[in-house]
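Each chain, letter by letter, is given below.
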Amino acid sequence: MQRREFLKTGAVLAGGLAMSRGKAFAAPVGARVEVMVNEPLGAIAPEVYGHFTEHLGGTIYDGVWVGTKSKIANTNGIRTALIDKLRQIKAPAIRWPGGCFADSYDWRDGIGPRDKRPTRTNFWADDASARQLGDDAVQKFEDNAFGTDEFVHFCKLSGSSPYLAANLRSLPALEFDHWVEYCNSPAGSTTLAKQRAAAGSAAPYNVQYWGVGNESWGCGGAFEPEDYASEYRRFTDWVPRFGTDLRFIGSGPNDDEVNWTHRFFQKLFGGTKYYDRRNLWGFSIHHYAWNMSQGRTTDWVAGKGDALQFDTAGYYECLRESDKVESIMLDHWSAMAEYDPTHRVKLVVDEYGPWYRPGTELDPTHQLGQQITMRDAVATAASLDVFNRHPEKVGMAACAQLINCLNALFFAHEDNFIVTPNFHVFDLYKEHQCGTAVRAEFSAPAAQYERNGAPASFWSVKGSASVKGKTLTLTLVNADASSPRETELVLSGATMASATAVTLANKDIHAHNTFAQPDAVKTAKLEVRGGTIVLPPASVTRVTVELG
Ligand code: AHR
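A word on helix H9 (residues 312-337)
Next up, step 1: Compared with the 38 Å implied by 1.5 Å per residue over 26 residues, the 39 Å span of H9 between its first and last C-alpha is a close match.
Next up, step 2: At Glu326, H9 shows its maximal bend, which comes to roughly 25°.

Comments concerning the state of the cysteines
Note on terminology: a disulfide is the covalent bond linking the sulfur atoms of two cysteines.
Next up, step 1: Scanning the entire structure with this criterion turns up one disulfide.
Next up, step 2: Residue Cys100 pairs covalently with Cys219 via a disulfide, S to S 2.2 Å. The chirality of the disulfide connecting Cys100 with Cys219 is left-handed, given an S-S dihedral of about -85°. Taken together, the residues Cys100 in the loop between strand E5 (93-96) and strand E6 (120-121) and Cys219 in the loop between strand E9 (209-212) and helix H7 (225-236) connect sequence positions 119 residues apart.
Next up, step 3: Overall, the relative accessible area of 12% leaves Cys100 in the buried class.
Next up, step 4: Note on Cys155: no disulfide assigned, nearest cysteine sulfur contributed by Cys183 at a separation of 11 Å.
Next up, step 5: The closest cysteine sulfur to the non-disulfide-bonded Cys399 is located on Cys405, 10 Å from its own sulfur.

What to know about the packing of aromatic side chains
Both the distance between ring centres and the angle between the ring planes are used here to describe each pair of aromatic rings.
Next up, step 1: In total, this model carries 37 aromatic pairs according to the counting rule given.
Next up, step 2: Geometry around Tyr205 places Arg196 over its ring, the cationic atom sitting 6.0 Å from the centre.
Next up, step 3: Lying across the ring of Phe310, Arg375 places its NZ or CZ 3.6 Å from the centre.

Concerning the sheet that holds strand E13 (residues 394-400)
Next up, step 1: Pairing in this closed barrel of eight strands is parallel, and the strands run E2-E5-E8-E9-E10-E11-E12-E13 around the ring. Direction aside, the axes of adjacent strands within the sheet are offset by 25° on average.
Next up, step 2: Against the sheet, H9 contacts strand E11 (282-289), strand E12 (346-354) and E13, and its axis sits at roughly 160° relative to E11.

Topic: the sheet that holds strand E20 (residues 471-478)
Next up, step 1: In space, the 10 strands of this open sheet follow the order E23-E22-E26-E20-E19-E16-E1-E21-E25-E24, with mixed pairing throughout. The open sheet has two free edges, formed respectively by strand E23 (523-526) and strand E24 (528-529), since each of these has just one partner strand.
Next up, step 2: Judged from the eight bridges that link them, E20 and strand E26 (residues 539-547) form a sheet pairing that is antiparallel. When the sheet's bridge partners are listed, Thr473 is paired in E26 with Thr544.

Remarks on the pairing of strand E16 (residues 436-443)
Next up, step 1: The pairing of strand E1 (residues 31-43) with E16 spans eight bridges and is antiparallel. Along E16, the bridge assignment pairs Met36 with Arg439.
Next up, step 2: Across three bridges, the pairing between E16 and strand E19 (residues 461-468) is antiparallel. Within the sheet, the bridge partner assigned to Thr436 lies in E19 and is Val467.

Here we look at the packing of helix H5 (residues 173-184) against helix H6 (residues 191-198)
Next up, step 1: Between H5 and H6, whose axes approach to 7 Å, the crossing angle comes to 50°. As the angle between them shows, H5 and H6 are arranged oblique. As H5 packs across H6, the resulting crossing turns out to be right-handed. Across from His178, Glu181, Tyr182, Cys183 and Asn184 in H5, the residues of H6 making contact are Leu192, Gln195 and Arg196.

Comments concerning the environment of Ala73
Next up, step 1: Locating Ala73 in the fold gives a position in the loop between strand E2 (50-52) and strand E3 (74-75).
Next up, step 2: Here Ala73 falls in the exposed class, since its relative accessible area comes to 53%.
Next up, step 3: With 342 residues separating them along the chain, Ala73 and Asp415 place their C-alpha atoms 8.2 Å apart.
Next up, step 4: Those residues within four positions of Ala73 in sequence are excluded, and the remaining contacts are Ile78, Arg79 and Thr80.

Describing the site of the ligand
Next up, step 1: Around the ligand, a shell composed of 13 residues is seen, among which Glu54, Cys100, Glu215, Tyr288 and Glu351 lie nearest.
Next up, step 2: Cys100 places a main-chain nitrogen or oxygen 2.8 Å from an oxygen atom of the ligand.
Next up, step 3: Here an oxygen atom of the ligand sits 3.0 Å away from a polar atom, N or O, in the side chain of Gln401.
Next up, step 4: Coverage of the ligand by the protein chains reaches 93% of its 280 Å² of free accessible surface.
Next up, step 5: Residues of the shell around the ligand, tallied by class, amount to six nonpolar, four polar and three charged.

Rules and cut-offs
- Residues numbered from 1 in each chain as written.
- Predicted model: local features only at pLDDT ≥ 70, side-chain atom pairs only at ≥ 80, totals over all residues.
- Heavy atoms only, no water.
- Helix = DSSP H or I, 4+ residues; strand = E, 2+ residues; numbered from the N terminus.
- Expected span 1.5 Å × (residues − 1).
- Bend = angle between axes of the 7 residues up to and from the residue.
- Disulfide = S-S within 2.5 Å.
- Buried < 20%, exposed > 50% of the residue type's maximum accessible area, 1.4 Å probe, protein only.
- Phe/Tyr/Trp six-rings, centres within 6.5 Å; stacked < 30°, edge-to-face > 60°.
- Lys NZ or Arg CZ within 6 Å of the ring centre and 35° of its normal.
- Pairing = 2+ DSSP bridges.
- Axes fitted to C-alpha atoms, helices over the stretch in contact; angles between N-to-C directions.
- Contact = heavy atoms within 4.5 Å.
- Parallel < 35°, antiparallel > 145°, perpendicular 65-115°, else oblique.
- Left-handed = near helix turned anticlockwise from the far one by under 90°.
- Near = heavy atom within 4 Å.
- Polar contact = N/O pair within 3.5 Å; in protein donor to acceptor, adjacent residues only side chain to side chain.
- Areas by Shrake-Rupley, 256 points an atom, 1.4 Å probe, with all protein chains shown as cover.
- Nonpolar A, V, L, I, M, F, W, Y, C, P; charged D, E, K, R; others polar.

Here it is in structure tokens:
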């Protein structure tokens, strides 16, 4: 008997007996989830649940930063309601200041007395989304009110680690050293440490995570991978460490361009015997679900689908596009193995989520803002499950972006503040942080639909499982837009003492929250009866099992 078959048989008996007492052979169900409690995959780094904030549209200004003189409840200028919610979901890390903005940003513009900081052209000022804005819009001409000290303070208040993205395209390497020095040099030790103290923090910030360039194949310099590798080497070799375990993250490819990965690693690791490979801690991957049911198009704005107006095929095609993150990760991971066989370098999926065309943003200043529906919650949860299932690969991730932009968890405008369905996903999934991921198998009939007049299908039930002490956290996505899935939960290697579940579901896949209806989409308890749970259509569920 094959090991997998044996496990399955054993599991049915163990799970059936343990989970549905007196019902050794459960009746056939629509789906089956088998969790191998004693088959660990690795620890889930909390940073996998990270976030991304860019000086883009309403993310920083109107989103995070309201200013110290604002009537909106704030903590030293930072929106207090946002801080509270980030604490609730245990936000582990936040990336800043971009994105594309990072490679045009001079960190020195954002330090010192706020009224003396220069006003500069924002990277996004020329974007079509900014043309309609007046020249007094901070989104076009950045006044630098929010800089390094404000960001680090925001992270501290939120209980998160800062992840700074350094400018490799338009600043010299010495400026990178100096930014590290500003953040991390000991109290009173350097001129920059004294400037930091004048801004309120004599103690060093000890920033650990540093991105070195962003999308260096594109807005980060349009580099060839070999040229970027040479720059990366120059930037990261001999950076002052001040006792902090610096973790540098290199810019990865555009989506699935594995060629970039080969050429970058070949040059960086093969190019010189003197380079210290430990200077590359993480390799960044970006994957957006463009939701173009017609396939890729050259018109990257109008060619995208709409955040709110979509049919069933549009729902599934967006999920299919989003789901590619797993194969992209695996492809790059195996390419990296050729140069880093022990896999010391981790994947950092620091931009992911659906990206739609403009038109559903809550305010014209919210460039790349879009509504967030149940479709996005399902896509986001499925991505988090992918990360959980590959704990040895993913060192960090960041949902793009935190507030008022793309796949947001929050919307804020002036004194309005609400959570989106994505917030609830992070709230459900937070229990995976620091857990040990364990193997789980999901079997369920695929969801059927019609695409361009032809039958098409997509998986229906998938998820991930992790264990902390005697608690098993199992998250499940039912991607089927119309059918509930009666799902049998089977444990192997443990018994179930009790189980509870919470679900995020709505009868309409287009459902979303607005300032007028902030709780249109919210979580509710779900019954687990005799080891079986009925997952609603297009839902995200967390099952918490106390192990016997
Ligand atoms: O998140 C918006 C943009 O998408 C980022 O600035 C860039 O890195 C990516 O192309």
